[in-house]
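The lines below spell out each chain.
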Amino acid sequence: MSDEELIVEFALTRLDHPLLDLEEVAALVVRRAGPERMVEFAGQTLVHRDELRGAVFPAAVEHVLRVVLMLRGPRD
């Protein structure tokens, strides 16, 4: 899944759940993506951290949040 596709998925999920915070929306995105994407997202987080091991679900959520926050850019 490209970063752009991930942003669209995040935005649609946020529209469905406007009262959730960013981390909760990211967790929903990870759950909806399924186990294969979860492992993919987690792997990207571990590569970014230069680690060999980590808990899959939290690492996947971290990846989604990192992509969303990077593409949002700096806040004024």
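Residues numbered from 1 in each chain as written. Predicted model: local features only at pLDDT ≥ 70, side-chain atom pairs only at ≥ 80, totals over all residues. Heavy atoms only, no water.

Asker: Give a detailed account of the pattern of salt bridges, specifying residues and quantitative values.
Answerer: Across all of its chains, the model carries five salt bridges by this definition. Glutamate 40 serves as the salt-bridge partner of arginine 37, at 3.1 Å between the closest nitrogen and oxygen. Separated by three residues within a single helix, arginine 37 and glutamate 40 lie in helix α3 (residues 35–49), roughly one turn from each other. In this structure, glutamate 51 engages arginine 49 in a salt bridge whose closest nitrogen and oxygen atoms are separated by 3.2 Å. Classification of glutamate 51 by relative accessible area gives partly exposed; the value is 35%. Given a relative accessible area of 34%, arginine 49 falls into the partly exposed group. By sharing partners, the salt bridges in this structure join Arg49, Glu51, Glu62 and Arg66 into a single network. (Salt bridge = Lys/Arg side-chain N within 4 Å of Asp/Glu carboxyl O. Helix = DSSP H or I, 4+ residues; strand = E, 2+ residues; numbered from the N terminus. Buried < 20%, exposed > 50% of the residue type's maximum accessible area, 1.4 Å probe, protein only.)

None of the figures reported here should be taken as evidence of function without further support.
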